[in-house]
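Listed below are the residues making up each chain.
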Amino acid sequence: MNKKSIMQTVELKKELRARRLRYAFALLAVFFAIPIGAYVIWFYKGLGLSLYLGGGALFFLLLAYMLFRRERRFYSEGQYQLFLESIPIVTYMTEPTAEDRILYISPQAEKMLGYAPQDFISDPHLWSRLIHADDRNTTLAYNIKTAQSGEPFQMEYRMIAKDGRTVWVRDEAKQIRDEKGRPLYWLGVWTDITREKSSEKELAYLIQTQSMRNNQLRTAGEVSRAVTSILDLDELMPTVAELIRSHFGYYYVGLFLLNEEKNRAILRASTGEAGKKLLAENQWLPVGNSSMIGWCIAHNQARIALDVGADTVYFSNPELPLTRSEVALPLRFRGKVIGAMTFQSEEAAAFSAEDVTVLQVMTDQAANAIEIARLFEERASLIAELETKNAELERYTYTVSHDLKSPLVTIRGYVGYLQKSVASGNIGRFEEDIDRITQATETMQRLLNDLLDLSRVGRVVNPSENVSFDKIVNEALNLTVKPREQTWIKIQSGLSSIYCDRTRVSEVVQNLVSNAIKFMGNQRNPTIEIGQCGFDENNGFPVFYVADNGIGIEEKFHNTVFGLFNRLDQQIEGTGIGLTLVKRIVEFHGGRIWLESQGEGKGATFYFTLPPAKI
């Protein structure tokens, strides 16, 4: 209560004390006026003055009684006013019309809103202007409705105090009518419920926060179960991303993994329709300060953008136009960063410190699961490779023992013929035997060279370099193809540049082209085409091919042709190692190779991928 209100209350109390004395005097006057009037009437009854004196006494009695009633009414009203102005609510009286002109308002209004009672009385529109803009239309509409119907007014709304504070008010009013039912005025009270509303808001916030924490813990549990039960990397990553997006209600979640060179973050999992497009586009981001993902990987720290428009590190993506805030968290395994995850929301400032902590825990779980899945895949790959190696070793042992034995038998046999030819002086037969022995030694030499070349793949490594595939093709053809056969070959222009061991990849082209020439058959118009058909959708490697219109290969042999010493036609010269060598070289570079052929007489096409040139 301010100083002015205090002074008014003090003055009211003084007036009440004075009125209390007059009230007591009036009460005594009534008390004594009755017997005095009666005595005078009795004493002067016989003198003829009774009417006059009795009337004077009655007048005195009535005067005293009226004074008593007036003082008692004022005292009661003063006591009531003192009561109203001392309770912690605002009381008011307004006209019975919809304009609600204030007739009276208690001094507590100044304490509650900073405006004195006279401010409200002199300005009939002050009350409506003080109502919060968001509540004004609803409150005034309800006020008009109750004014017309006469129903009690009861509503909670916000008012703006003189100092700018927002005050929650519970407004309750009732229409007072006279004995004929005509409205006289509205009598109402304002109760300050700001603290109550604040408590409700805090309780609602606590409930919401607890619910969110429960949801986060439930999601963390589901992520934990997923990461411990899924060992397929291609299934694990999208499962984790979608679990977090759906349970937290985020706009988008993406998962990036580092490439082998640690200079690019490759998108591996992405939610929603936009995510499918980004995966189809083989999205990647450079490691560094040009993006949220790149920054957090480079610095091994969380990066938070509570308003992406204000964060210069934010990577603007046209596929995600609704993003307002983003968190990028590093994927860490044993202290090393293997990638990062991005969490994006349509709301500004959607991520709290607690959210980031929970998300980092789940991100670390995902990182552990990814590495476990990688190890499992590597283990499965090593087992498969070991089985393949064992099978190759068995074939190798058999083939070496057979193919090397055959030339030795040939040499031993023709040595005996040489002795006979020398003894008989048959020079012609002697030269034929020498040729046969030479051919046998050359066959043995080719076999030994191919085996030695195969064993060196992955061990003897030339420095890798950026080189145009056109150059490699031309070099390989100059080393392998005869001038007449070069007319068969068509080379597509504008082939991509690759990052590779130039010598080894040249061997790939040499073997594939030699193989195509060798199995051309009786084709009248032999054709061999070397070109490129797009990029691998999994890793973005360029896809090259060598196609021919030769004898073709049946589908059942499409995989076995790459096996060691697998020769489909024993009548055609070869060691059965060429395609095995090609497969080893391509896979050593991180690519893959496969065969397509519609069968016998339909030609064959060998497709293979190699890493693109480094920028």
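Residues numbered from 1 in each chain as written. Predicted model: local features only at pLDDT ≥ 70, side-chain atom pairs only at ≥ 80, totals over all residues. Heavy atoms only, no water.

A. Structural context of empty space enclosed by the protein. Counting across every chain of the model gives 3 cavities of 30 Å³ or more. If you add up the space inside the largest cavity, you get close to 150 Å³. Together, Tyr92, Thr94, Asp100, Ile102, Trp127, Asn143, Thr146, Phe153, Asp171, Ala173, Trp186 and Trp190 line the largest cavity. Only strand S1 (90–94), helix H6 (133–149), strand S4 (166–177) and strand S5 (183–192) provide two or more residues apiece to the lining of the largest cavity. (1 Å grid on protein atoms, 1.4 Å probe; cavity = no way out; pocket = protein on both sides within 12 Å on 5 of 7 lines; lining within 4 Å. Points joined across faces, edges and corners; volume = space filled by probe spheres on them. Helix = DSSP H or I, 4+ residues; strand = E, 2+ residues; numbered from the N terminus.)

B. Highlighting a nonpolar patch on the surface. Judged by side-chain polarity, Leu231, Ile372 and Phe376 come together as a nonpolar surface patch covering roughly 240 Å² of accessible area. Within the secondary structure layout, Phe376 lies in helix H11 (residues 353–424). (Patch = residues over 30% accessible without salt bridge, like charges linked within 9 Å, V, L, I, M, F, W, Y side chains within 5 Å. Areas by Shrake-Rupley, 256 points an atom, 1.4 Å probe, with all protein chains shown as cover. Salt bridge = Lys/Arg side-chain N within 4 Å of Asp/Glu carboxyl O.)

C. Geometry of the pairing of strand S11 (residues 336–345). Judged by how many residues are buried, S11 sits mostly within the fold: 9 of 10 residues are covered. Where strand S10 (residues 325–333) meets S11, 9 bridges bridge the pair, whose relative direction is antiparallel. Within S11, the residue paired with Phe333 across the bridge is Lys336. Between S10 and S11, which pair antiparallel one after the other, the connecting turn spans 2 residues, and Arg334 there sits at a positive phi close to 55°. (Buried < 20%, exposed > 50% of the residue type's maximum accessible area, 1.4 Å probe, protein only. Pairing = 2+ DSSP bridges.)

D. Molecular detail of helix H15 (residues 502–518). With 17 residues, H15 extends 24 Å from end C-alpha to end C-alpha; this agrees with the ideal 24 Å at 1.5 Å per step. Burial in H15 covers these residues: Arg504, Val505, Ser506, Glu507, Val508, Val509, Leu512, Val513, Asn515, Ala516 and Ile517. (Expected span 1.5 Å × (residues − 1).)

E. The sheet that holds strand S3 (residues 153–160), seen in detail. Sheet architecture is open: 5 strands sit in the order S2-S1-S5-S4-S3, paired in antiparallel fashion. Either end of the sheet is taken by a strand with one partner, and the two such strands are strand S2 (102–105) and S3. Across the sheet, the mean angle from the axis of one strand to that of its neighbour is 25°, orientation sign disregarded. Relative to S5, S4 is paired through 9 bridges, and the arrangement is antiparallel. Opposite Lys174, over in S5, you have Leu187 as the bridge partner. Along the sheet face, H6 touches S3, S4 and S5 and points at about 150° away from the line of S3. (Axes fitted to C-alpha atoms, helices over the stretch in contact; angles between N-to-C directions. Contact = heavy atoms within 4.5 Å.)

F. Geometry of the pattern of salt bridges. In total, this model carries 17 salt bridges according to the counting rule given. Salt-bridge contacts for Asp123 lead to Arg129; the nearest nitrogen and oxygen are separated by 2.5 Å. Assessed through its relative accessible area of 22%, Asp123 is described here as partly exposed. Residues Glu371 and Arg374 are paired through a salt bridge, measuring 2.8 Å at the closest nitrogen-oxygen approach. Remark: Arg374 and Glu371 occur in helix H11; sequence separation between them is 3 residues, near one turn of the helix. Judged by relative accessible area, Glu371 falls into the buried class, the value being 12%.

G. Summary view of the sheet that holds strand S9 (residues 303–305). Taking strand neighbours across the sheet as the criterion, the 6 strands line up as S8-S7-S6-S11-S10-S9 in an open arrangement whose pairing is antiparallel. A strand with exactly one partner marks an edge of an open sheet, and here the two such strands are strand S8 (284–286) and S9. Averaged over all pairs of adjacent strands, the angle between strand axes in this sheet comes to 25°, irrespective of strand direction. Note that S9 and S10 share 3 bridges and pair antiparallel. Bridged to Arg303 within S10 is Ala328. Across the sheet, helix H10 (residues 292–299) is in contact with strand S6 (252–258), strand S7 (264–270), S8, S9, S10 and S11; its angle to S11 comes to roughly 145°.

H. Structural context of the packing of aromatic side chains. With the rule as written, the count across this model stands at 12 aromatic pairs. Aromatic pair Tyr142 and Phe153: ring centres 5.2 Å apart, planes at 40°, arrangement tilted. Residue Tyr142 is located in helix H6, and its partner Phe153 is located in strand S3; the two are separated by 11 residues in the primary sequence. Ring geometry for Phe544 versus Phe608: centroids 6.0 Å apart, planes at 40°, classification tilted. Of the two residues, Phe544 sits in strand S16 (residues 542–548) while Phe608 sits in strand S18 (residues 604–609), which places them 64 residues apart along the sequence. Here Phe544 falls in the buried class, since its relative accessible area comes to 0%. Taking relative accessible area as the criterion, Phe608 reaches 0% and is therefore assigned buried. The structure contains a cluster of three or more aromatic residues connected by ring pairs, namely Tyr92, Tyr115, Phe120 and Trp190. Here Arg264 stacks its cationic end above the ring of Trp284, 3.8 Å away from the centre of that ring. Between Arg303 and the ring centre of Trp295, over which it is positioned, the NZ or CZ distance is 4.8 Å. (Phe/Tyr/Trp six-rings, centres within 6.5 Å; stacked < 30°, edge-to-face > 60°. Lys NZ or Arg CZ within 6 Å of the ring centre and 35° of its normal.)

Coordinates in, geometry out; function isn't part of it.
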